[in-house]
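Tertiary structure, described
Each chain, letter by letter, is given below.
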Amino acid sequence: MTSPPHLRPEDRGDFEWVLHLALSVTDIRTALNDGRTATDANQLRERVLAAKDEIAAAAADEYRALLKARAGAAAPADRSPDEPPTSPGAGVWLPAVAVFAPLISAAVAVVLLLLGYGMHLSGTDAELADSLTAMGWISAVFAAGATAIGLAALMGTAIRQRAGEAPRTRIRIRSAEAQQAREAWQQALLERGVLPYLRDELSTRP
């Protein structure tokens, strides 16, 4: 007897999407929300992901059909149109800007204020001293604002990276036959794999 195929990395996004749907089904959501079980959604999600190959085996025939249809498709898979491409540089430049912009502004502010007040104390060129002092305070205000904005941006990035419930990126399949096979697999995975597993976990946990 042929063993069920292991879930491929490119299909884990679909698996997580099906799991996301299953956790929204009325009886699953009710069991998690009404306190009948000590298991929470995150714990349940982790158990499902740990057992993904076992669960996916319930829809092995449909998954084989999907792999066969996808292998025969002439066009390669691509990103889903409802998920915009991610710029690889965005995650690198945002933290750098958030850190260095306030530092540079603060350094400029210190230099200008020292020069301005130094010239005031020495009694040389009062007009230039006033201008340097004013520019120094403006830079100080800018540094404070940049610090606040940078912290907010870093926190937002951290929250997005730690958001565990968001499904992975799902691929788009250009072949109509492969897309139909994919939908059939997702339906079988939901009905015969993920939902029975969730219900069994919820019924056997205290």
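What you are looking at is a predicted structure, and each value in this text was computed from that prediction instead of being measured. (Residues numbered from 1 in each chain as written. Predicted model: local features only at pLDDT ≥ 70, side-chain atom pairs only at ≥ 80, totals over all residues. Heavy atoms only, no water.)

What to know about the overall build of the protein chain
Secondary structure summary: the protein chain contains eight helices and two strands in total. Counting from the amino terminus, helix and strand elements in the protein chain follow one another as α-α-α-α-α-β-α-α-β-α. Of all intrachain contacts in the protein chain linking residues separated by at least 6 positions in sequence, the fraction that spans at least 24 positions is 79%. With the model as given, the accessible surface of the protein chain reaches about 12800 Å², and the carbon-plus-sulfur share is 62%. (Helix = DSSP H or I, 4+ residues; strand = E, 2+ residues; numbered from the N terminus. Contact = heavy atoms within 4.5 Å. Areas by Shrake-Rupley, 256 points an atom, 1.4 Å probe, with all protein chains shown as cover.)

Regarding the pattern of salt bridges
Evaluated as defined, the whole model comprises eight salt bridges. For Asp 11, the salt bridge goes to Arg 70, with nearest N and O atoms at 2.7 Å. Note that Asp 11 is positioned in the segment before α1 (12-22) and Arg 70 in helix α5 (residues 60-71), a separation of 59 residues in sequence. For the pair Asp 11 and Arg 70, a shared accessibility class is recorded, and that class is buried. With a closest N to O distance of 3.6 Å, Arg 47 and Glu 201 form a salt bridge. With Arg 47 in helix α3 (residues 41-50) and Glu 201 in helix α8 (residues 176-204), the pair connects residues that are 154 residues apart, well separated along the chain. (Salt bridge = Lys/Arg side-chain N within 4 Å of Asp/Glu carboxyl O. Buried < 20%, exposed > 50% of the residue type's maximum accessible area, 1.4 Å probe, protein only.)

Brief notes about the side chain of Glu 201
By relative accessible area, Glu 201 is classed as buried at 10%. Here Glu 201 is in contact with Leu 44 and Arg 47, once residues within four sequence places are set aside.

Examining the nonpolar core
In this structure, Ile 55, Leu 189, Val 194 and Leu 198 are the most contacted members of the largest nonpolar core, which totals 30 residues. For this core, the secondary structure elements donating two or more residues are α1, α2 (26-33), α3, α4 (52-56), α5 and α8. Residue contributions to this core peak at eleven residues, all from α8. Discounting residues that sit within four places of it in the chain, Leu 189 has contacts with Phe 15, Val 18, Ile 55, Ala 56, Ala 59 and Val 194. (Core = buried A, V, L, I, M, F, W, Y, C linked by side-chain atoms within 4.5 Å.)

With respect to the packing of α3 against α8
Running from N to C, α3 and α8 cross one another at 130 degrees; their axes reach a closest spacing of 11 Å. Between α3 and α8, the angle is such that the two are oblique. The handedness of the crossing between α3 and α8 comes out as right-handed. Within the contact between the two elements, α3 uses Leu 44, Arg 47 and Val 48 and α8 uses Tyr 197, Leu 198, Glu 201 and Leu 202. Among the residues making up the contact of α3 with α8, the classes are represented as five nonpolar, no polar and two charged. (Axes fitted to C-alpha atoms, helices over the stretch in contact; angles between N-to-C directions. Parallel < 35°, antiparallel > 145°, perpendicular 65-115°, else oblique. Left-handed = near helix turned anticlockwise from the far one by under 90°. Nonpolar A, V, L, I, M, F, W, Y, C, P; charged D, E, K, R; others polar.)

Section: α5
Note on helix geometry: an α-helix contains 3.6 residues per turn, so any two residues three or four positions apart are oriented the same way. Taking 1.5 Å as the rise per residue, α5 with twelve residues should run 16 Å; its terminal C-alpha atoms sit 16 Å apart, in good agreement. Taken as a whole, α5 has its buried residues at Ala 60, Glu 62, Tyr 63, Leu 66, Leu 67, Ala 69 and Arg 70. (Expected span 1.5 Å × (residues − 1).)

Topic: the confidence of the model for the protein chain
In this model, the protein chain carries a mean pLDDT of 77, and residues with pLDDT of at least 70 account for 71%. Note that pLDDT drops below 50 for residues 74-88; the model gives that stretch 20 contacts with residues more than four away or on any other chain. Between residues 159-166, whose pLDDT stays under 50, and residues either more than four places distant or in other chains, the model counts six contacts. (pLDDT = per-residue confidence, 0-100.)

A closer look at the environment of Leu 49
Tracing the backbone shows Leu 49 in helix α3. Sequence separation of Leu 49 and Glu 16 is 33 residues, and the distance between their C-alpha atoms is 7.9 Å. Among residues more than four places away in sequence, those in contact with Leu 49 are Phe 15, Glu 16 and Leu 19.

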